[in-house]
Each structure stands twice: as C-alpha cells, then as structure tokens.
Amino acid sequence: MAHYLVIVESPAKVKTIKKFLGSNYTVAASQGHVRDLPKSQLGIDVENDYEPKYITIRGKGEILATLRKEAKKSDKVYLATDPDREGEAISWHLAAALKLDEKKMRRITFNEITKNAVKASLKAPRDIDMDLVDAQQARRELDRMVGYKISPLLWAKVKRGLSAGRVQSVALRIVADREAEIDAFIPEEYWSLDAQLKVKGEKRPLTAKFYGTEKKKMTIHSKEEMDEILKKLENEEFQITDIKNSERTRKAPLPFTTSTLQQEAAKALNFGTQKTMRIAQQLYEGVDIKGNGTVGVITYLRTDSTRISEEADAAARSYIAETYGEAYVAEGTKAKSADKKIQDAHEAIRPTDITRTPAAIKDSLSRDQFRLYQLIWKRFTASRMQPAKYETTAVKIGAGEYCFTVSTARVAFDGFRSVYVEAEEEKEESNVLVGHLSMDSVLTKEEFDPKQHFTQPPAHYTEASLVKTMEELGIGRPSTYAPTISLILGRRYITKEGKNLYLTEIGEVVNNIMKQSFPSIVDVHFTANMEGLLDMVEEGKVPWKEVIRNFYPDLEEAVEIAEKELEEVKIEDEVTDVICEECGRNMVIKYGPHGKFLACPGFPECRNTKPYLEKIGVPCPVCGKEVVIRKTKKGRKYYGCEDNPECEFMSWQKPSSKKCPECGGYMVEKGNKLVCADEKCGYVETIKKED
C-alpha cells in the first residue's frame, strides 16, 4: 500500500489535517523556515551575482533528520506550507534540505484547513512556483542588505545596538513626520451657533444649526463676528423656507483583508496588530469544536484580496435567505477587482462555514478567539447582504439674511446593518420633530447657544491608522504590517500610550540619521516602488537578481559616504558637571534604549547611573527654576520643571523664555512660530532666524 508524507509549517496544523486523511498519510511539521541566510555575516555573495549563502537554521537539524527519514519511506511527499511567497519559499528550502527527488515531490496549497479543501488540494498537486520563491528571495536579500549595511553605522553613531530596516525605517519616518506636523500645528478659532426653536403645538424644542446665508456656507471666525451675527438676528422671525425628503443608501462593507481586519479589530476590540494576527492564526490552523473535532474556522489570514469563492458566496446567500429573508440577500456578486495583483490567489478572510455561527461555537473558543471570529463572521455575512436604506429630511430655516438647517435620517430598511455595524460609524442624527414639520409650521426662537471652538491638530497615529497608511502608500504587504509595527515598538523608536503612537528620543535620532544619510531608504515612493518590483518578480515579469543588481551598488555608495561623514560627527561621551556621589568622577551622558542617561565613566568598577535632565535655558513659567526635558514612563518626551513634583509645570511643546506681548503668559515653539500657550489668547509670531 502506497505511503504519503504531507509536510506543513506548524504542529497545530498537523493535528487538524491528520483527522482529514487516511492511515496511509503521515503529517509532519517543519516548524517554519528550515534554511536562511547566516546571522554572523551578510550571507550574500556580492562578487558572484548576489548568490545567497543559505545554511540550516540552528536547532532545525533534528527536525530535518526526522523529515528525511519519513520522506525516504514515502512514495510521494506533499509540501503543504502556507499559500503565499513565504510558504512557497519554505517548500523550496525543504525540497533542497531534504534532497527530495523531483519525481516524488509535489506542492499543494489550500486556503482553508477543512476536509474538503485539503482533499481537493491533493487532487490538484503542482510544481513549486519559482516566481513566488524568487520574489521571497529578493525581499529577503533586500532586507538583509539594508539591515546589515546600515545597522553597524547607527551603532557607531548612537553607540548602542540600534538597527535599520527596509520597511521599519519608512514606518518610523511616517510616525515622525506626523509628530512634526502636530508639533507645528497652530489652532485656529471658530464658532458654532445653535438656535433652540419652539414649534407651535409641540412640547420639545427643535435645535437648528447656523449654516450661513441662503446661498453660501459661512465660518464664524471670532467673537466679534459672532456678536455681529447675533445682533442682526435679534429681532428676526424664524420660518421654514425649504423641506427636502430623500432616500440614501449605505453599501454593505467588503469582507476583511489582513489590513482591514487589523484596523477593525483595533477599533472594535482594542487588539494590537500582533495580537489580531496571533488569534487569527489559531482560528485558521484549527480549534477543537465540540462534536466536530479540530477544524479551521477561518480562511487564510494573509491576503489583500476581497474576492470570495463561488461556493462560499452561494452558501452565504442561502444562509442569509433562510435566516433573515430573501429581501436581505445582496444582488449580484460583491467581489471588488483588485487594482494590483498582489496575492489574489487568496480569498478575503471569511468563516470556512457560514452556518457555524459565533454563538454555536462560543463554548469551544477562548474569549478573544470568540470576539475575533464573531467580527469576521459578521463582516463576511454583511458583505453578502443588501445595502441599508435611510429616509432623510433636510429642513432650511430662514432668519433675515441668514439660514439655519435641521436634518434627520430614519432607517427605512436595515439591510446588512441587522448583522454588522462598523466600530466608528457615525451616530445618525435624530431630530424626532423633523417628521412633524411642514412649510406652515410656526417657529419661535427660545434661545441662542454660541460656542467657541479651536481647530485640532492631525491625530497621532494608532496601530490601526498606521496599517491603513502603509497599505494606502503601498509599503509592506499583509504579512509585514504587524511585525514591522512590533519591531519599532520593541526597539523603543516609538512608544504606545493608550492607543496612540509617539516618537521617542531614540527614534528621533535614528530617523534623522536615516533621512540625512539614506534618503532613498526612508523615501515612501522608493519603498512602494520596490514592493511593485517584487510583485513583478512574482508575476514572472522581472528576474529577481535584476532588482538586487539595481539596488545594491547605490546602497553601498550611500554607506561609504555616510561612513566618512558619520565618523566626523561620532558622539563622544559628553562630560557633565554632575559629580558621581559614589566615586567622585564627573558623570558622562550615555544613550540607552530610552534615550539619554547619566553614567559614571568608572564602569565597571562604579556602576552608578541616574536620569539625565537636559536644561533648555528657559526659566519655569510657574516657579522660575529651570525647564528640563523629561520623559513619560513609556519614553515620550515633554518639558517640565526641574523641581518636579513640587512644581507641576509641564508642556508637550518647547516653552520659550519670551512672554506673550498680548496676555503676558508663556509662549511655546510650534515649527517656525512662537505661539501663546493659552489658545484663547491666540497670539502668534514668526521666530526670527539669527544670521
């Protein structure tokens, strides 16, 4: 009787797949990659047309020996690693490391770990796709070149084990650029005006919002403008000038891709990107469902396609018709044709069986698994449903030369919203009275409610919005978003407080060096273009070595120039006038993962360290002592009084010693402007450059 070996990546999949195959199949795991470039050197033979020098990964010898034995006993070996570039490369490395005979080796892929999908894949085996492998080899060499050529320079420049990376450096720059925008933002004043109106015959008042004139929307910039408008409105009568009824629809959402799943899980469940991927991996590889054994409950989690297979689409439609009624089933198909062919062999992320509702398997899942599965199930089900329909009413109310508006929307048909509502969906305005209004309604003004506001700076990035931006700019791919963000958080280049991401001092130093010495590496368009080239390698349109040949000489030249320039600005230990209380030496400034600190130069005999408080030469606006640069527990920079906690002064922006000429308060630097710290004062002046 013939014997077959199926090699997958993870032991969790072994457990799931074993149950689908007969006793003449052995299922074993490679536990990820088995060969890689060596850690101790570049591992790329630059002289020999960039040939990679692969070695067996430490600790994988035993796994390979076991797999070799199994392979010898088997009539056929099926390589069933993940269905993407990385998975294809692992299969290729396995074939080489196990010295598999080409005649008895076949590659199989499945998008979901279910009995039908695994059985179907065994009926359609293929050769290893070398275009996919080459795209992965090119990515690996590019990442290695950037990491191994630039990181030692950063080490020399900032003195500690820092690192640069092809995608991580761009992600860091995106966060740094947003921080600079926020720092330079100057708020502008504006006002809103609501009118509380009494409708004859109704008990509750109606709130109308100031719009402007009949023809033109107006922004009220100051209290003076507001006072002038209120004066003109003082004796005016309010009357309805227009009522418009219309219908609008909200389309059902597309099913999840890796990026949209990470974004929505962050907003709805407060999951970090890494956590989302870890839990999705568990749901994909298989969970024990009571009565069903181990089964994969979602499809493959690394995808940027919103395509859905015909079978899954048909199953979803019949489930929706049965559960919610025919009126809820979407017309036609909802697949969005991808602009770029990225990894469109995949489907969107969906449940492997729509009839397996979250409630039905709740007891078989952990709390987090259940919450993520429910999100995926609801989103997929909603994507196959009718749009939601709203009846809207917009009312214009005239008062002299000015116009106020009232609007409301009522759900006429909930459609997909009966299943799924996005986390940050705006609340529909409900003005109950609007339905009772007619052109003849009599209105009486009760009171005005003027409010002062200030424009807000751009929001800090969150993990979700950073993923969205990286995807929009074409940086990284589904498999790289989470590891990239985890890496720059782990290196403490950025820090997370609440949901927001902030640049740390060490991140600022690294970003500045990268921008100065390696502008193309941290250039968004260059990195996106490189991703495009890797896609072309995958499509077989560009040889992979061509990409490397065009990249490496420029990188080497940039490194050589930077080596010369960076030697000149190498940071020596700066000696301070702070005396080490343990041995009497003058303490020096050192760089650590959190930024600067004071250390005794007598290390290792004297190990005394203390926080470094850098004075900025500005007196504290509260108590007159020195303002110093401080850090939050997570490493975010701010300005505070050296006498903290006695004096509680703090500012995110750098304070100036110059007082505000308008109100006498302190001013802060925002880009090239000095701005009064009191928003209500609003005084701004340009910082004069010294010649």
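Residues numbered from 1 in each chain as written. Predicted model: local features only at pLDDT ≥ 70, side-chain atom pairs only at ≥ 80, totals over all residues. Heavy atoms only, no water.

The next subject is the packing of aromatic side chains. On inspection of all chains with the given rule, the structure shows 16 aromatic pairs. Between Phe238 and Phe404, the ring centres sit 5.4 Å apart and the planes meet at 55 degrees, which makes this aromatic pair tilted. With Phe238 in the loop between α7 (223-233) and β11 (239-250) and Phe404 in strand β15 (residues 402-413), this residue pair connects regions lying 166 residues apart in the sequence. What makes Phe238 buried here is its relative accessible area of 5%. One aromatic cluster is present, built from ring pairs that chain together Phe210, Phe238, Tyr402, Phe404 and Phe448. (Phe/Tyr/Trp six-rings, centres within 6.5 Å; stacked < 30°, edge-to-face > 60°. Helix = DSSP H or I, 4+ residues; strand = E, 2+ residues; numbered from the N terminus. Buried < 20%, exposed > 50% of the residue type's maximum accessible area, 1.4 Å probe, protein only.)

With respect to topology, four strands assemble into an open sheet ordered β2-β1-β7-β8, the strand pairing being parallel. Each edge of the sheet is formed by a strand with only one pairing partner; in this case those strands are β2 (25-29) and β8 (105-107). The average angle at which neighbouring strand axes cross in this sheet is 25 degrees, direction not considered. Sheet contacts for helix α3 (residues 85-97): β1 (4-8), β7 (76-79) and β8; angle to β8, the most-contacted strand, approximately 175 degrees. (Pairing = 2+ DSSP bridges. Axes fitted to C-alpha atoms, helices over the stretch in contact; angles between N-to-C directions. Contact = heavy atoms within 4.5 Å.)

Moving on: the nonpolar core. Counting 63 residues, the largest nonpolar core has Phe110, Val297, Ile298 and Leu372 as its most contacted members. In terms of residue count, helix α12 (residues 367-383) provides more of this core than any other element does, eight residues in total. Setting aside its immediate chain neighbours within four residues, Phe110 contacts Ile17, Ala80, Pro83, Ala117, Val118, Ser121 and Tyr284. Grouped together as the second largest cluster of nonpolar side chains are 55 residues, Leu42, Tyr50, Val146 and Tyr461 included. (Core = buried A, V, L, I, M, F, W, Y, C linked by side-chain atoms within 4.5 Å.)

Now for the packing of helix α9 (residues 273-285) against helix α14 (residues 481-490). To describe two helices that pack against each other, one gives the angle between their axes and the distance between the axes. Put simply, α9 and α14 touch, their axes get as near as 8 Å, and they point 140 degrees apart. What the angle tells us is that α9 and α14 run oblique. Note on packing geometry: the crossing formed by α9 with α14 is left-handed. When α9 is examined against α14, the residues Thr273, Gln274 and Met277 are found in contact with a partner set consisting of Ala482, Pro483, Ile485 and Ser486. Residues belonging to the contact of α9 with α14 are distributed by class as follows: four nonpolar, three polar and no charged. (Parallel < 35°, antiparallel > 145°, perpendicular 65-115°, else oblique. Left-handed = near helix turned anticlockwise from the far one by under 90°. Nonpolar A, V, L, I, M, F, W, Y, C, P; charged D, E, K, R; others polar.)

Turning our eyes to something else, we now look at the state of the cysteines. This model, assessed by the stated rule, comprises zero disulfides. Cys580 forms no disulfide, and the closest cysteine sulfur to it belongs to Cys606, at a distance of 3.7 Å. Residue classification places Cys580 among the buried residues on the basis of a relative accessible area of 1%. Here Cys681 is not disulfide-linked; the sulfur of Cys660 is the nearest cysteine sulfur, at 3.7 Å. (Disulfide = S-S within 2.5 Å.)

Judged from the four bridges that link them, strand β17 (residues 494-497) and strand β18 (residues 500-503) form a sheet pairing that is antiparallel. Of the residues in β18, the one forming a bridge with Thr495 is Tyr502. Two successive antiparallel strands, β17 and β18, enclose a turn made up of two residues, where Gly498 displays a positive phi of approximately 65 degrees.

Nothing here speaks to function; it is geometry throughout.
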